[in-house]
Amino acid sequence: MTFVRTIATAMLLSVFASLANAEPIKIGEINSYTRLPAFTEPYKKGWQLALEEINASGGINGRSVEIISRDDAGKPGNAVKIAEELIRRDNVVMLTGTFFSHIGLAVSDFAKQNKVMFLASEPLTDALVWSKGNDYTFRLRPSTYMQAAMLAAEAAKTDAVKWATVAPNYAYGKDAVAAFKQVLTKLKPEVKFVDEQWPALFKIDAGVTVRALEKSKPDAIYNVTFGPDLGSFVREGTVRGLFKDRTVVSLLTGEPEYLEPLKDEAPKGWIVTGYPWYAIDTPEHNAFRKAYEARWNESLKMGSMVGYNMMLSVAAVLKEAKSTDTNALIAAMKGLTHDTPMEPITYRDADHQATMGSWVGKTDVIDGKGQMTNWRFIDGASVLPSPEDAKAMRPKG
Amino acid sequence: MAFYFAQFLTGLASASSLFLVAAGLSIIFGVTRIVNFAHGSLFMLGAFIAYSVSQHTSFWLAVTMAAIAVGTIGWCMERGVLRKLYAAPELFQLVATFGLVLIIQDAALWIWGPMDLLGPRAPGLEGVVRIFGEPIPEYDLFLITIGLVVLAATWWTFKRTRFGILVRAATEDPEMLQALGVKPSTLFQATFFIGAALAGLGGALELPRQPANLMMDLNIIAEVFVVVVIGGMGSIIGAFLAALLISQLNAFGILIFPEITLVAAFAAMAVVLIFKPYGLMGKLSIATPNAVEIAPPMTFGRIGSFAGVSLMIVLVALPFFAPSFVVVLLSDIFIFALFAAGLHYMMGTGGLISFGHAAFFGLGAYGAALVVKGFGVSMPMALVAAPVLAGFGAIIIGWFAIRLSGVYLAMLTLAAAQILWSTAIQWQSVTGGDDGILGIWPSTWATDTTAFYYLALALCSTTICALIYLSLGQHGLLLRATRDAAPRAAALGINVKARQWLAIIIAGVSAGLAGGIFVFSKGSVFPDVLAIPNSVDALVMVLLGGLHAPVGPIIGAGVFALLEDGLSRLPYWRALLGITIVIVAIYAPNGLAGVFSKLRVLRTKST
Amino acid sequence: MTIALEVKSLSKNFGGLKAIDDMSFSLDDGGFTALIGPNGAGKTTCFNLLSGVLEPSAGGMLLHGQSITSMPTHLRARQGMGRTFQIAATFRSMTVLENIEVALIAAKQDKFDATALLDELGIAEHTDHIITELAYGDIKRVELAMALASMPSVLLLDEPTAGMGANERLSIMELIARLARVRGTTVLFTEHDMDSVFGFAERILVMDQGQLIADGSPEDIRSNTHVQQIYLGDEATLDA
């Protein structure tokens, strides 16, 4: 193993050496690495892998790519300061990254003001491409609305009429509930929302929340809690029988970041969005999985996929633009299509949202591990509003 | 009825687990007078250690071992760091324990990795029992029992054992300990062990309820502060009552108003402090130590003035030769220097500690952003609105705060900042909630980095100079009088409370202006400007620069910004920052200004 | 003679304990009165009530005929009530001169000759020293200087010569008495040292267990059997 790695490193070094004559293309990357390591570390490993592959295969237009990655510690003010530094001192040609929605928005606004392109990789807020969208910002990951819409479509197929919702008490939770309500009500006008709970983010008092939900006697529950809140919610809900004979629809819960820690206590039969990396069997994905596991010696997470795709998008747009000029990059980014370990994705001209999709399925426990079963891939394009509708949601001018 | 009884029991279980952690903090504060910010970190370590041990042995043994291990870690903390700070004013201890928070954060990440770790359920207590037909988890009943057992045990210990009597003596009158012939250090060590072990126990017992994760520390600490303050610092019964109050408020509050989760605890704390300034069961200790050290302002005479003028000349000339990112970084430093300078004024000159200075910074920031968005005014008007709104905030917060002193005052400011923070999140229609307010960029004439740099320099340096002038002048003299000996000052005819109120308003206005400029430099504002870490940053800057040097905030902000900028490129940089903070607190209690002044004295002596 | 300070049925309870129990007396303008009593008699509590540090449980007081019962300390000071503390309270981060300055600013006295006063009190050499560098006796003097600098009409002195040697005491007491006479200041002071009490006071109030048990000239007090009982064992001091 060490031997292989040494060889690989040597090969990489020789490639770098051959590229050394040309100045590398610098990309600025900002993320909340210390604030949320559970989600951002796999993401980092994803883009690092892609970066190594790109440079090993000769870089882009004869130049190698360099990512200057910085930690914003979860503070938007820091993120903007770092963005300034990246463009002024490090002369990066574009910005990418961010996890928290509000930091994504802050950097997006900065990008607009400073006329630099920003590819938001992870933030989920709809505002980023719609109500607060701008010319300079593009977003990779399927948004809150897209994922909620995928789930609402599944929810409409169930018999459940009385719904209760539980979501963390901050913007993402509010958006996720609003989007779900909107789409589900449209698909199935007879549904009623009988209760909503808003536990504080990462501070859920799961026992009382579960009991409050139980009190409204819903047919079904829509859950948006994640991370440590999800673990508490599942445990308290299970022991108190909240999920018994009820449909549960749950956002992001199928992502390994959230499902794996639950081990054999993962809920069964929940309808979730997620990433069943263990069961996807396509040549593209197999290659990606093999490379990732060889490079990092650990299993895939959703973040790994997002990070990898982000890097592929960066490479694709640089190749397409044949220039590092912001206007050329933006022009190239609009309508840009490239392959990924999933389906190919396209950055829509209308709202700058990528059509990256997600998997929807049911949770189950297999060999003592939480996994998704009966899953299928849903193309992001199929749950996005029409380009005209999307455009109408964006600020004018 | 059955439902409400069951809801009450569920609230009681939460109260129990909160009480365990709060009791430890309260005991430690009572005996050592240390506000231990790292108490939440001990709680988190309890959960992680219990997780690791439970992978090899039974859950119950894991819980016991975690409590002992965390007790030992607490003991080490006392020996290694806090012991050196007993003589220091409260502020230094608090900042040092915040350094420990950062160190433990990174240590836990290094040891346990980033993923949440779901521990085992408690063996034998996995099921539910039916009470009036409602399912109640057995583990909840167990937690309730443990809470009551710990309450009874601590109560008995305090009433009946020699150790307890000593602890009470230390809490009520530290000087009595000497009379009883007890070495305080032994008692302090034992207290830290027990307090930390309780936090560890609380963390370990939390394992069946939530996965061990890296956010447990800061999540619990704010809540535990609330409990200890509401209960009365140093009172065990008070901590129990407060934990009960907070948990039941949450349990029943969410039935009526589900969004209450963010603000309930802090609002309750503010209300209690207004009516019972020292908490439900708290008493004003006879020996309230000085919040800050009493010392004359550290000025550097002619050398200082010369350095100040030279610095100003360099700063004015800088944009002509420095690269633009330096110009941007310096604009940031000016803003933080002003933010810190206000705090420095009320804390250094006025002896009024604030743990919630971000409240004023945030009010200024939101004030500026809101008038731009709401009324479409231009930047200059917004920069007027920022300090005005912050000033109004300071008038209200200050009016409540000046009725208290020392750590209680600090806690009230913390509560005020937290209430504003949750308002900013909750009041989405006005503040934009977490998505914040975007697109607040400077007027066209100031968009250019150099122009903005001069704007920031002019506003910040003028205000900082005004603050220095105030603190060294007659105004500062009278404020220092209230800090040095409030009864003496009052007996001379000085309106102590009014002076303190004015100091808080001046600090608030300065921080508000800083917040206003900050918005225009970042283009956006989010609730994090009001959050605890922002308040702590201000404290660290003040401490780093030197509490008694009028130039302290400038040095502190500069060094802090450069440190953060430099360190944040390294892995595990938070631990490095934490270590720096601890070292400064122990070895340079007068900050960097103190170090300069010492070097000067040494040089003068050697020549 | 007009009345400078009048105390009516003043009481103060701490929980169940009666620290001050229905105390009434009045001080004539320009009088020099001592308040004595054994430890724990309530002298300091009485001072704290008069100066507004504590709120009375019942009763009230008038300063120059105006009720000050619910007036905060600093307003009483502005009405002319000055005081010193049993444990000298000074501004420890300041020089001696700055301490006096604070008193002058607070009392809006701009023509006061601070140097002369410091000279009289024998601490002129310390003018520019930080308080913490001074010996305790000198700190007491600084506090006294502050109280005097604000030109009070009624001055409460809580053990003004504690911690000083016998000769020093005498000179300080003489100085206080002389300044009070010149300025017409009404002085009420507590003291353990009976030489100071009997040597300078024109009138003596005696407290025991929160009550005023005797009030009269030094001669009256010396011959008061009740007072002698309380000071049993201390008779020698009383006779001195």
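A quick note: this is a predicted structure, and the numbers were derived from the prediction, not measured.

Conventions used here
- Residues numbered from 1 in each chain as written.
- Chains lettered and ligands numbered in written order.
- Predicted model: local features only at pLDDT ≥ 70, side-chain atom pairs only at ≥ 80, totals over all residues.
- Heavy atoms only, no water.
- Core = buried A, V, L, I, M, F, W, Y, C linked by side-chain atoms within 4.5 Å.
- Buried < 20%, exposed > 50% of the residue type's maximum accessible area, 1.4 Å probe, protein only.
- Contact = heavy atoms within 4.5 Å.
- Buried area = accessible area lost by both parts, 1.4 Å probe.
- Salt bridge = Lys/Arg side-chain N within 4 Å of Asp/Glu carboxyl O.
- Polar contact = N/O pair within 3.5 Å; in protein donor to acceptor, adjacent residues only side chain to side chain.
- Helix = DSSP H or I, 4+ residues; strand = E, 2+ residues; numbered from the N terminus.
- Nonpolar A, V, L, I, M, F, W, Y, C, P; charged D, E, K, R; others polar.
- Phe/Tyr/Trp six-rings, centres within 6.5 Å; stacked < 30°, edge-to-face > 60°.
- Lys NZ or Arg CZ within 6 Å of the ring centre and 35° of its normal.
- Domains from an automatic or database assignment.
- 1 Å grid on protein atoms, 1.4 Å probe; cavity = no way out; pocket = protein on both sides within 12 Å on 5 of 7 lines; lining within 4 Å.
- Points joined across faces, edges and corners; volume = space filled by probe spheres on them.

### Overview of the nonpolar core
Stage number 1. B:Phe19, B:Phe37 and B:Phe520 are the most contacted members of the largest nonpolar core, which has 207 residues in total.
Stage number 2. Apart from residues no more than four positions distant in its own chain, B:Phe37 is found in contact with B:Leu94, B:Thr97, B:Phe98, B:Val101, B:Ile221, B:Phe225, B:Ile532 and B:Val536.
Stage number 3. Ranked by size, the runner-up nonpolar core spans 138 residues in total, among them A:Ala50, A:Ile204, A:Val314 and B:Phe526.

### Some thoughts on the interface of chain C and chain B
Stage number 1. Contacts between the two partners involve 26 residues from chain C, matched on the other side by 21 residues from chain B.
Stage number 2. Together chain C and chain B conceal approximately 1900 Å² of surface at their shared face, both sides included; 68% is due to carbon and sulfur atoms.
Stage number 3. When the buried area of chain C at its contact with chain B is split by residue, C:Phe91, C:Ser93 and C:Ile105 rank highest and sum to 28% of it.
Stage number 4. Linking chain C with chain B are one salt bridge, by the criterion used here.
Stage number 5. A salt bridge links C:Glu143 to B:Arg488; its shortest N-O distance comes to 2.8 Å.
Stage number 6. For the pair chain C and chain B, the interface holds eight residue pairs in polar contact (both at pLDDT 80 or more).
Stage number 7. Top contributing element to the side of chain C that touches chain B by residue count: helix α3 (residues 96-106) of chain C, with six residues.
Stage number 8. Residue composition of the side of chain C that touches chain B, grouped by class: 13 nonpolar, seven polar and six charged.

### Remarks on the packing of aromatic side chains
Stage number 1. Under the defined criterion, the tally for this structure stands at 39 aromatic pairs over all chains.
Stage number 2. Their ring planes at 45° and their centres at 4.4 Å tell us that A:Phe288 and A:Tyr308 sit as a pair that is tilted. Pair noted here: A:Phe288 is in helix α10 (residues 283-296) and A:Tyr308 is in helix α11 (residues 302-321), with a separation of 20 residues, a long-range link. Per residue, the accessibility class of A:Phe288 equals that of A:Tyr308, and both read buried.
Stage number 3. Counting every residue linked through ring pairs, the aromatic cluster contains A:Phe39, A:Phe99, A:Phe100, A:Tyr170, A:Tyr172, A:Phe202, A:Phe226 and A:Tyr258.
Stage number 4. Its guanidinium or amino end placed over the ring of A:Phe193, A:Lys181 lies 5.4 Å from that ring's centre, counting from NZ or CZ.
Stage number 5. B:Arg403 extends its terminal NZ or CZ atom over the ring of B:Trp399, reaching a point 5.6 Å from the ring centre.

### Looking at the domain arrangement of chain A
All names here are of chain A.
Stage number 1. Here chain A is described as being made up of domain 1 (2-143 + 281-357) and domain 2 (145-276 + 358-383).
Stage number 2. One C-alpha centre belongs to domain 1, the other to domain 2, and the line joining them spans 29 Å.
Stage number 3. Each partner contributes to the interface: domain 1 provides 25 residues, whereas domain 2 provides 21 residues.
Stage number 4. With both chains or domains summed, domain 1 and domain 2 bury close to 2000 Å², and 64% of this area falls on carbon and sulfur atoms.
Stage number 5. When residues of domain 1 are sorted by the area they lose upon contact with domain 2, Phe-39, Met-302 and Gly-357 head the list and together hold 26% of the total.
Stage number 6. Summed over the shared surface of domain 1 and domain 2, the number is two salt bridges.
Stage number 7. Salt-bridge contacts for Arg-141 lead to Glu-255; the nearest nitrogen and oxygen are separated by 3.3 Å.
Stage number 8. Secondary structure elements with two or more residues in the side of domain 1 that touches domain 2: α2 (37-56), α10 and α11.

### Considering the interface of chain A and chain B
Stage number 1. Across the boundary between the two partners, chain A contributes 66 residues, which contact 72 residues of chain B.
Stage number 2. Carbon and sulfur atoms make up 54% of the surface buried where chain A meets chain B, a total of about 6000 Å² over both sides.
Stage number 3. Considering only residue class, the side of chain A that touches chain B consists of 23 nonpolar, 16 polar and 27 charged.

### Details of empty space enclosed by the protein
It is the rolling of a water-molecule-sized probe over the atoms that shows where space remains empty.
Stage number 1. Applying the stated criterion across every chain yields a total of 15 cavities of 30 Å³ or more.
Stage number 2. As a volume, the second largest cavity reaches approximately 700 Å³.
Stage number 3. Surrounding the second largest cavity, 37 residues form its lining, A:Lys203, A:Ile204, A:Asp205, B:Glu223 and B:Asn250 being those nearest its centre.
Stage number 4. Those elements that place two or more of their residues in the lining of the second largest cavity are α7 (206-215) and α8 (228-239) of chain A together with α1 (2-32), α9 (216-231), α10 (236-256) and α11 (264-275) of chain B.
Stage number 5. The greatest single-element share of the lining of the second largest cavity, amounting to five residues, is contributed by α10(B).
Stage number 6. Taken together, the residues of the lining of the second largest cavity sort by class into 19 nonpolar, 11 polar and seven charged.

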